[in-house]
Amino acid sequence: MFTATLLASPARADLDRTTVESLRDAWGGGHAVWLNPGVAAEFALPLVPDNRWQVWEGLQGIGIDLVVQRTEGRRKKMLLADMDSTMIGQECIDELGAKAGFGERIAAITARAMNGELNFDEALIERVGLMKGLPTSVIAEVLAERITYTPGGATLIATMKRDGGYAALVSGGFTAFTGPVAAHLGFDENRANVLLEDGGRLTGDVARPILGREAKVEALHEISARLGLTPDDVIAVGDGANDLGMLGIAGSGVALHAKPSVAAECDIRINHGDLTALLYIQGYAAAEFA
């Protein structure tokens with residue numbers, strides 16, 4: 001059996017009964033269950049409809065996300081999440097770059113790297129090099145002044161952990177940011193690159209090896225094995241090209257407000273919902289959220 005989940009932005013809460021039941025009837029689905037009125041609903045299906053992606057495209061036009069997945073095993077035991085533009089609304093390296101006076105240049109490189117147009121390691125080294133001499137005190141300023149959290153993140157983690165789940169933050173960014181972000185949101189552990197510093201200033205380099213796409217895949221395998229889990233027990237979420245490895249291996253790989261080239265390679269695409277969408281697609285109703 002399969003489950004079709006329809007999701008609207010919680011800020012708009014404009015998912016209506018007609019949209020849900022019309023699709024349910026067209027696909028011959030089961031009883032529609034509302035996980036959160038106006039925000040999320042689901043129904044059972046005997047198989048994946050042939051016109052799944054055509055319907056998905058049409059629903060995107062009215063601001064509705066559609067996920068069709070196998071029902072069995074969709075509630076996961078581990079969350080593996082990217083940080084920049086996923087758990088937070090910014091790219092930390094871009095914010096540091098703005099402080100260094102190279103904001104537009106660094107942001108342009110970041111955009112190309114996240115879209116898979118540049119080698120991740122080389123792009124990271126180039127951008128960090130532009131921040132040589134920047135006082136390390138700027139990191140705290142960026143965290144306090146420029147970083148915002150994606151809605152639903154703390155609820156997602158708290159709910160999964162309440163039910164025995166584990167949450168890991170794995171970023172191609174920097175530990176100077178993942179540490180505070182992980183602590184704020186309730187992650188169990190975090191992994192990222194280490195910015196090198198000397199005398200209170202950034203040296204313009206990062207410690208090796210660089211944590212990129214393959215390191216995220218390794219983290220998925222290492223952490224799940226340590227917990228006695230399999231990759232199928234994991235729900236992973238990210239938005240950039242360096243996330244595709246872990247998204248492809250996890251039992252549920254979620255492209256959240258992702259670059260078009262990234263979303264195109266994922267079966268679970270959330271473009272309108274927030275991070276609570278990861279709970280709805282696991283079958284949680286809003287009343288069950290922690």
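Residues numbered from 1 in each chain as written. Predicted model: local features only at pLDDT ≥ 70, side-chain atom pairs only at ≥ 80, totals over all residues. Heavy atoms only, no water.

Relative to the helices and strands, Asp82 is located in the loop between strand E5 (78-81) and helix H3 (92-100). For Asp82, a relative accessible area of 5% gives the class buried. One polar contact links Asp82 to Lys216, side chain to side chain, over a distance of 3.1 Å. Discounting chain neighbours no more than four positions away, the residues touching Asp82 are Met87, Leu169, Val170, Ser171, Lys216, Val237, Gly238, Asp239, Asp243 and Met246. (Helix = DSSP H or I, 4+ residues; strand = E, 2+ residues; numbered from the N terminus. Buried < 20%, exposed > 50% of the residue type's maximum accessible area, 1.4 Å probe, protein only. Polar contact = N/O pair within 3.5 Å; in protein donor to acceptor, adjacent residues only side chain to side chain. Contact = heavy atoms within 4.5 Å.)

Leu79, Leu96, Phe174 and Phe187 are the most contacted members of the largest nonpolar core, which has 58 residues in total. Each residue touching Leu96, except ones within four places of it in the same chain, is listed here: Met131, Leu134, Val138, Ile139, Val142, Phe174, Phe177 and Leu195. Counting residues in hydrophobic clusters, the runner-up holds 22 residues, among them Leu229, Leu244, Met246 and Ala250. (Core = buried A, V, L, I, M, F, W, Y, C linked by side-chain atoms within 4.5 Å.)

It is worth spelling out the packing of H3 against helix H4 (residues 103-114) at this point. Contact geometry for H3 and H4: axes closest at 7 Å, N-to-C directions at 160°. The angle between H3 and H4 places the two elements in the roughly antiparallel class. Between H3 and H4 the crossing geometry is right-handed. Contacts from Ile93, Asp94, Gly97 and Ala98 in H3 reach Gly103, Ile106, Ala107 and Thr110 in H4. (Axes fitted to C-alpha atoms, helices over the stretch in contact; angles between N-to-C directions. Parallel < 35°, antiparallel > 145°, perpendicular 65-115°, else oblique. Left-handed = near helix turned anticlockwise from the far one by under 90°.)

Glancing now at helix H5 (residues 120-129). Buried within H5 are the following residues: Phe120, Ala123, Leu124, Arg127 and Val128. One face of H5 carries all of its buried residues, which in axial projection span an arc of 125°. Of the surrounding secondary structure, the elements contacted by the buried residues of H5 are H3, H4, strand E6 (166-174), strand E7 (189-193), strand E8 (195-198) and strand E9 (201-206). A distance of 3.1 Å separates the backbone nitrogen of Asp121 from a side-chain oxygen at the start of H5, and that oxygen is part of Asn119. (Arc of directions from axis to C-beta.)

On to the packing of H4 against H5. Interhelical geometry of H4 versus H5 gives an angle of 170° and a closest axis separation of 10 Å. Taken together, the axes of H4 and H5 lie roughly antiparallel to each other. In this structure, H4 uses Arg105, Ile106, Ile109, Thr110, Ala113 and Met114 to contact H5, whose residues at the interface are Phe120, Ala123, Glu126 and Arg127. For the contact of H4 with H5, the residue count by class is six nonpolar, one polar and three charged. (Nonpolar A, V, L, I, M, F, W, Y, C, P; charged D, E, K, R; others polar.)

Tracing the backbone through its elements, the reader meets Ile235 in strand E10 (residues 234-238). Apart from the residues lying within four places of it in its own chain, the contact partners of Ile235 are Lys76, Met78, Leu79, Leu80, Met160, Ser252, Val254, Leu278, Ile281 and Gln282.

As judged from the three bridges shared by E8 and E9, these two strands associate in the antiparallel manner. Looking at the pairing, Leu195 lines up with Val206 of E9. From the end of E8 to the start of E9, which pair antiparallel, there are two residues, and Gly199 there has a positive phi angle of about 60°. (Pairing = 2+ DSSP bridges.)

By the element assignment, Ser9 lies in the loop between strand E1 (2-8) and helix H1 (17-27). By relative accessible area, which is 11% here, Ser9 ends up buried. In this structure Ser9 touches His272 and Gly273, once residues within four positions along its chain are discounted.

Secondary-structure assignment places Lys161 in helix H7 (residues 153-162). By relative accessible area, which is 32% here, Lys161 ends up partly exposed. Note: C-alpha distance between Lys161 and Gly28 (133 residues apart in sequence) is 35 Å. Excluding residues within four positions of it along the chain, Lys161 makes contact with Gly186 and Asp188.

Let's shift gears to the pattern of salt bridges. All chains considered together, the criterion is met by 18 salt bridges. Measuring nitrogen to oxygen at the nearest pair gives 3.3 Å for the salt bridge that ties Arg17 to Glu21. You can see Arg17 and its partner Glu21 sitting in helix H1, four residues apart, about one turn around the helix. For Arg17, a relative accessible area of 48% corresponds to the partly exposed category. Here Glu189 and Arg191 are joined by a salt bridge, their closest N and O atoms 3.4 Å apart. Glu189 sits in the buried class, given a relative accessible area of 16%. (Salt bridge = Lys/Arg side-chain N within 4 Å of Asp/Glu carboxyl O.)

Before going further, it helps to spend a moment on the sheet that holds strand E12 (residues 268-270). Reading across the sheet, the six strands line up as E7-E6-E5-E10-E11-E12 and stay open at both edges, with parallel pairing between neighbours. A strand with exactly one partner marks an edge of an open sheet, and here the two such strands are E7 and E12. Neighbouring strand axes in the sheet, compared pairwise and without regard to direction, differ in orientation by 20° on average. The pairing of strand E11 (residues 252-256) with E12 spans three bridges and is parallel. Bridge pairing links Ala255 to Arg269 in E12.

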